[in-house]
Amino acid sequence: MGNHMKEKELINSPLSIYIHIPFCMKKCRYCDFLSAPAGEETQEEYVHALLKEIEYWGRMLSEARIKSVYIGGGTPSVLREELIKEVLCKLKEAFPDIMRMEKKAAQGNKSHDRELRIKETERTEWKLTEPEISIEVNPGTVTEEKLKTYKQAGINRLSIGLQSADREELKLLGRIHTYEEFLETYHMARAQGFANLNIDLISALPGQKLKSWQGTLEKVLALKPEHISAYSLMIEEGTPFYETYSGHQELLPDEETDRAMYALTKDMLQKAGYERYEISNYSRKGKECLHNMVYWQRGNYLGLGLGSSSMIENVRFRNITSLKDYVNYWVADKEKSRDIGSISEKVPAICEDIQHLSQKERMEEFMFLGLRMIKGVSVKEFEAAFGKSIFQVYGRQIAKYKEQHALTVGERIALTDRGLDVSNLILADFLLE
Amino acid sequence: MAGIDQSKIRNFCIVAHIDHGKSTLADRIIEKTGLLTSREMQAQVLDNMELERERGITIKAQTVRIVYKAKDGEEYIFNLIDTPGHVDFNYEVSRSLAACDGAILVVDAAQGIEAQTLANVYLALDHDLDVFPVINKIDLPSAEPERVKEEIEDVIGIEAHDAPLISAKNGIGIEEVLEQIVAKIPAPEGNPDAPLKALIFDSLYDSYKGVIIFCRIKEGTVKKGTPILMMATGAKAEVVEVGYFGAGQFLECEELSAGMVGYITASIKNVKDTEVGDTVTNAKEPCKEPLPGYKKVQSMVYCGMYPADGAKYPDLRDALEKLQLNDASLHYEPETSIALGFGFRCGFLGLLHLEIIQERLEREYNLDLVTTAPGVIYKVHKSNGEVIELTNPSNLPDPSEIEYMEEPIVSAEIMVTSEFIGAIMELCQERRGVYLGMEYMEEKRALLRYELPLNEIIYDFFDALKSRSRGYASFDYELKGYEQSELVKLDMLINKEEVDALSFIVHKDSAYDRGRKMCEKLKEEIPRHLFEIPIQAAVGGKVIARETVKAMRKDVLAKCYGGDITRKKKLLEKQKEGKKRMRQIGNVEIPQQAFMSVLKLDDK
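Just so we're clear, the structure is a prediction, and the values are computed from it rather than from any experiment.

Caption draft 1: Geometry of the confidence of the model for chain B. Residues and elements named next belong to chain B. In this model, chain B carries an average pLDDT of 86, and 91% of its residues clear a pLDDT of 70 or more. pLDDT under 50 marks residues 37–41. Its contacts with residues more than four places away, or in other chains, come to 4 contacts. Across the interface, the model reports ipTM at 0.85; the global pTM reads 0.68.

Printed below as a string of structure tokens:
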């Protein structure tokens, strides 16, 4: 086991963990994520390697306070439920802090409503919902057994991929499920006691009319999920959609329609009691996805599994994307610990793009990530983090976009709706020379 | 070198239409005479500058001395003077020709005579050169050597029946060319004991030797220690070294005497002292009168050049200074633009010259430039009698102070196959051309003569000509003089702000059309902003055309890939990179290339 002690000092703030499951039933036509169908044997091999990786990092960061766990993909729910259970067990073993919620829960009432109301006594600054443990699931891959297992393993949030409630649109996207199958999954999740559900939607699909988008929104709102992610479709290189639609802008809804869809989303969701807290994310109060917020707020996160990215104490690195190499590396019975020293020295040799962020890069990230949040960035936090005023560093940009009504300035600096629509244009300007 | 028999010297050049194979033939001659082995041969030996090789054109005149052992058993010295092949450099061509006694006319066996063939051959004949033709590219399937021979005899009126049929590219028929050089080009004349009289046909600056004067000795002798006087500029110096031209190198010799071609160095620091066309004589024992034909080189085309990065202004100044050491026809003076900051107003022989200088600045001096629309020199006659030579549209006086304006006019010759005559005439008409006449060269080809305002041809005339004739038209022109014209200044307003660097002078009848096209072009070039941007063209404060760049509606990365921030940042960086090459005017960012867009208004 080597010298794995005294890691307490390594990170000072809470850690979030992302776990990538690069498998799905069938590749969707728009998807450029690191994911593909694979046989059960491959899946098992992969999870085996993943467990080793978790173990390794547990040795390095065993004392870490865990804010959230997010199992994403691909479609994590394609895995046999035992595999997910093993992953969760290994996580708890490696990062014992995850279990604090369960311990608390054990002391109080078992009902999920109560669970959330438990007072955090030790670390009062922490949210009651922590650690948030999410998994992405897709209709057509979910069974009651799976959901039961998830629940037992401590998962407390499900993100369900629906994308559209329209039969034709689902077909066009290459989804494997119908709207009815989605409903089945959704109700099953509720029946199993999942009190924190997200539904993923995509707008601006080829040929989509405002009316059809409105229909999708109405159907979804009727279900009262806690969280809704509504993205506008991006045509990514290397996908079948790219082959069909790249350079054929006329086949896609025009900009005006696209923005009208966004506006409609915001409008309908706000009326229904959801708040937009990030460019494409809406939730009921207090149900923001904590895990996502970590990215925008530059919290520590550890990405495990194929192709996952990490940032720990301002060091960024990424896992390789070759499944074979990843599995071979982790199953090989070889000492991986680099034992001593800083985070970057503990990054396993198989990781790529290790990057120590300079102050300049950190300031840039602070802005272009923070401004994705509707509440924007805090003037005070900037100064506390970097020892200089945000106006000293970004005075020009702030004044310019304020004048163009693209952002507001107060204790926080935030993009307006108009600013959010063209955020790339603005955020690019926050990169320093 | 002393005591070379004048009768064994041949000073000649090669004239041709562009792409007819002039430089390739020069290469072959050098190769055949054994100056370089074919292994050492790099295509186009004479084109020294990297840029010349790339563009396949000759910018500066190059000269090489070679020795040929002829079939008569005698050794001959050939001085081959490679002349620039572009109309921009006509004056340099004429001086190079004046240094020769004869010329080889290269004509493409497939294309026959073209406009520059004629222009160049007449120029050679004007200089009393003996010209013999060579038919090149005879190995092309479309070659028609007999037809081309006839054409040469009919159109130019020189004998062509025994013209060598060659392929310079494949080395066919080169021997015959060399023999005809001996036989048909006269030996030089001139008295080596007379007072020195030498023609400067080029010069270049060398950081060790100072200016190196390329000259043809017409009379007298020059050697180390000779006190020399440049008769037009009045510059005096003492000769440090004389010599002749090896391939790519200078070979020192004892003296240069009448009939010879070579170089002189005299620790001269500035090429301006050694202008092309000037006469070098002995300062102590000057010749009675200079050689004829000298004229001061005049810039024809002006534009503003600005560093893309304002902090690079001193670098640009240094670079221009250095280029000018080598290029007496480049003029520049500092100017300031509200839109572009500090820069220079630069004068050029023509658009090609401008492009070459621009490219050299960017390549050899690593500068990013913004170039404003090129313009010509207008003569502004003010009511108070004063006459201004206007090179920068921004300096145009208030219309109330202007009596009238004049613009430069050129006489142009356009050679075109008959099917395109209509299209070309239409083009010339659009460009305010005055039709002078037309002659049929042969059944299917005609020579059109027009008078055209220079400002109508400096932008894109050549491109338009090519595209409207499917590449079949060729073109040549010379400055005729100034004529009164109704000119106005067209201003461009972007987001209601006048952008001085986009203003240009235009004939009042073209103002609306140009203004409209300019607005359209700028609309394409200016990226969408957060706000709507009106683009207006105005004459004398009156808006005559308008376009609008709509506000950006959407530019958002909806989905951000989990923790992969690097990917997100790369996207933003790419976006930012695009902005770097932009100029901020008010709160509008204008891409640098928009300032050049006036160049490409004819997109037919």
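Caption draft 2: Examining a nonpolar patch on the surface more closely. There is a patch of nonpolar side chains on the surface, built from Tyr435, Met438 and Tyr440 of chain B and spanning about 300 Å² of accessible area. Mapped onto the elements, Tyr440 of chain B comes out in strand S24 (residues 434–442).

Caption draft 3: Main features of the pattern of salt bridges. For the coordinates displayed, the defined rule picks out 66 salt bridges over all chains. The salt bridge partner of Arg567 of chain B is Asp32 of chain A, with a shortest N-O separation of 3.1 Å. Taken as a pair, Arg567 of chain B in helix H13 (residues 565–580) and Asp32 of chain A in the loop between strand S1 (15–21) and helix H1 (40–61) lie in two separate chains rather than in one. Across the pair Arg449 of chain B and Glu439 of chain B runs a salt bridge whose closest N-O atoms are separated by 2.5 Å. Taken together, the positions of Arg449 of chain B in strand S25 (residues 445–453) and Glu439 of chain B in strand S24 put the pair 10 residues apart, joining distant regions of the chain. Beyond isolated ion pairs, a larger network of salt bridges with shared partners links Glu114, Glu144, Arg147, Glu151 and Arg445 of chain B.

Caption draft 4: Main features of the environment of Val239 of chain B. Residues and elements named next belong to chain B. The topology assignment puts Val239 in the loop between strand S10 (236–238) and strand S11 (241–246). Judged by its relative accessible area of 2%, Val239 is buried. Each C-alpha atom, one on Val239 and one on Lys224, is 5.0 Å from the other, the two residues being 15 residues apart in sequence. Those residues within four positions of Val239 in sequence are excluded, and the remaining contacts are Val222, Lys223, Lys224, Gly225, Thr226, Ile228, Ile264, Thr265 and Ala266.

Caption draft 5: Quick peek at the interface of chain A and chain B. Listed by partner, the interface residues are 46 residues for chain A and 31 residues for chain B. Summing the contributions of chain A and of chain B, the shared interface buries around 3600 Å²; its carbon and sulfur component is 55%. The three residues of chain A that bury the most area against chain B are Glu255, Asn424 and Leu425 of chain A, which together make up 17% of that side's buried surface. The tally of links between chain A and chain B comes to 8 salt bridges. Linking chain A to chain B there are 14 residue pairs in polar contact (both at pLDDT 80 or more). Those elements that provide at least two residues to the side of chain A that touches chain B are strand S6 (227–232), helix H10 (255–271), helix H11 (290–296), strand S11 (315–318), helix H14 (359–370), helix H16 (390–403), helix H17 (417–421) and helix H18 (423–429) of chain A. In terms of residues, the side of chain A that touches chain B owes the most to one element, H18 of chain A, which gives 7 residues. Here the residues of the side of chain A that touches chain B are counted per class, giving 20 nonpolar, 7 polar and 19 charged.

Caption draft 6: Fine view of the sheet that holds strand S13 (residues 377–378) of chain A. Residue and element names in this part refer to chain A. The sheet built from 3 strands is open, its strands ordered S13-S15-S14 with antiparallel pairing. Since the sheet does not close on itself, it has two edges, and those belong to S13 and strand S14 (407–409), each with one partner. When S13 meets strand S15 (residues 412–415), the two strands line up antiparallel, connected through 2 bridges. Bridge pairing in S15 links Val377 to Ile413. Together, S13, S14 and S15 form the strand contacts of H16, whose direction differs from that of S14 by roughly 130 degrees.

What counts, and at which threshold
Residues numbered from 1 in each chain as written. Chains lettered and ligands numbered in written order. Predicted model: local features only at pLDDT ≥ 70, side-chain atom pairs only at ≥ 80, totals over all residues. Heavy atoms only, no water. pLDDT = per-residue confidence, 0-100. Contact = heavy atoms within 4.5 Å. Patch = residues over 30% accessible without salt bridge, like charges linked within 9 Å, V, L, I, M, F, W, Y side chains within 5 Å. Areas by Shrake-Rupley, 256 points an atom, 1.4 Å probe, with all protein chains shown as cover. Salt bridge = Lys/Arg side-chain N within 4 Å of Asp/Glu carboxyl O. Helix = DSSP H or I, 4+ residues; strand = E, 2+ residues; numbered from the N terminus. Buried < 20%, exposed > 50% of the residue type's maximum accessible area, 1.4 Å probe, protein only. Buried area = accessible area lost by both parts, 1.4 Å probe. Polar contact = N/O pair within 3.5 Å; in protein donor to acceptor, adjacent residues only side chain to side chain. Nonpolar A, V, L, I, M, F, W, Y, C, P; charged D, E, K, R; others polar. Pairing = 2+ DSSP bridges. Axes fitted to C-alpha atoms, helices over the stretch in contact; angles between N-to-C directions.

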